[in-house]
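Survey of secondary and tertiary structure
Here is what each chain is made of, one letter per residue.
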Amino acid sequence: MSEGLDRIDQKILRLLQADGRMANAEIAERVGTSAATCHRRIQRLFADGFVRAVRALIDPMRVGRGTLVFVGVVLDRSTPESFSEFEAAVRAIPVLLDCHLVAGDFDYMLKIRVSDMADFNRLHSATLIGLPGVRQTRTFFVMKEVIDNAPLDL
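Definitions and cut-offs
Residues numbered from 1 in each chain as written. Predicted model: local features only at pLDDT ≥ 70, side-chain atom pairs only at ≥ 80, totals over all residues. Heavy atoms only, no water. Helix = DSSP H or I, 4+ residues; strand = E, 2+ residues; numbered from the N terminus. Rg over C-alpha atoms; globule rule 2.2 N^0.38 Å. Buried < 20%, exposed > 50% of the residue type's maximum accessible area, 1.4 Å probe, protein only. Contact = heavy atoms within 4.5 Å. Areas by Shrake-Rupley, 256 points an atom, 1.4 Å probe, with all protein chains shown as cover. Domains from an automatic or database assignment. Core = buried A, V, L, I, M, F, W, Y, C linked by side-chain atoms within 4.5 Å. Phe/Tyr/Trp six-rings, centres within 6.5 Å; stacked < 30°, edge-to-face > 60°.

**A few points about the overall build of the protein chain**
- When helices and strands are tallied, the protein chain shows 5 helices and 4 strands.
- The C-alpha atoms of the protein chain give a radius of gyration of 20 Å, which is well past the 15 Å a tight globule of 154 residues would have.
- Taking the principal axes of the C-alpha coordinates as reference, the protein chain spans close to 55 × 35 × 25 Å.
- Per-residue burial over the protein chain gives 31% buried out of 154 residues.
- For the protein chain, the proportion of contacts with a sequence separation of at least 24, taken over those separated by at least 6, is 65%.
- Of the roughly 10300 Å² that the protein chain leaves accessible, carbon and sulfur atoms contribute 52%.

Here it is in structure tokens:
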């Protein structure tokens with residue numbers, strides 16, 4: 001475990017991962033500390049960067065983004081400049097959930113949420129293939145989400 005985290009901090013992190021809206025008093029009770037001590041610990045976990053943010057998990061189906069797509073991207077060059085140009089360009093794609101520089105058959109793996117296959121086709125032809133340095137893309141439509149955004153095992 002990371003330096004600076006004791007057993008109570010680990011419990012707090014697990015609880016926050018499970019429910020970021022959990023009240024401080026409930027967290028304190030579950031970890032066996034006072035509310036004031038728990039609050040200080042949570043503030044420290046944020047300040048020290050162990051917790052980056054607390055967000056709501058939106059149901060993609062309810063907001064018209066039920067189709068999950070992974071796209072493997074191969075760039076025409078493997079230079080710091082080409083990576084930097086590509087990374088700057090993908091940051092402007094609103095439906096892009098994740099972008100990772102990876103080892104293997106692709107340079108990048110993108111995780112994208114769209115409404116349907118036609119929506120993805122429009123994105124692909126209008127945006128993805130025109131990104132700087134893109135030589136090839138391979139698209140993988142998700143048929144079933146077995147595990148998505150699981151909490152870290154602490």
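**Quick look at unusual backbone geometry**
- The backbone phi angle of asparagine 149 is positive, close to 55°, even though this residue is not glycine.
- By the element assignment, asparagine 149 lies in the segment after β4 (134-141).
- Assessed through its relative accessible area of 56%, asparagine 149 is described here as exposed.

**Examining the domain arrangement of the protein chain**
- We note that the domain assignment places domain 1 (6-46) and domain 2 (58-139) within the protein chain.
- Computed from C-alpha atoms alone, the centre-to-centre distance between domain 1 and domain 2 is 36 Å.

**A word on the nonpolar core**
- Membership of the largest hydrophobic core comes to 19 residues, with the highest contact counts inside it found for Phe86, Leu110, Ile112 and Leu128.
- Contributing elements (two or more residues each) for this core: β1 (67-75), α4 (80-90), β3 (108-114) and α5 (117-126).
- For leucine 128, the contacting residues outside a window of four places in its chain are Val71, Ile93, Leu110, Ile112, Phe120, Leu123 and Val134.
- Counting residues in each nonpolar core, the second largest holds 14 residues, with Ile12, Met22, Val31 and Val51 among its members.

**Some details on the packing of aromatic side chains**
- Under the counting rule described, the total for this entry stands at 4 aromatic pairs.
- Ring centres of phenylalanine 106 and phenylalanine 140 lie 6.2 Å apart, and the angle between their planes is 80°; this geometry places the pair in the edge-to-face category. Of this pair, phenylalanine 106 sits in the loop between β2 (96-101) and β3 while phenylalanine 140 sits in strand β4, and the two are 34 residues apart along the sequence.
- Relative accessible area serves as the criterion here: at 35%, phenylalanine 140 is assigned to the partly exposed category.
- Judged by centre distance (5.4 Å) and plane angle (85°), the rings of phenylalanine 120 and phenylalanine 141 are edge-to-face. A residue pair is termed long-range when its members are at least 10 positions apart, and phenylalanine 120 in helix α5 and phenylalanine 141 in strand β4 qualify at 21 residues.

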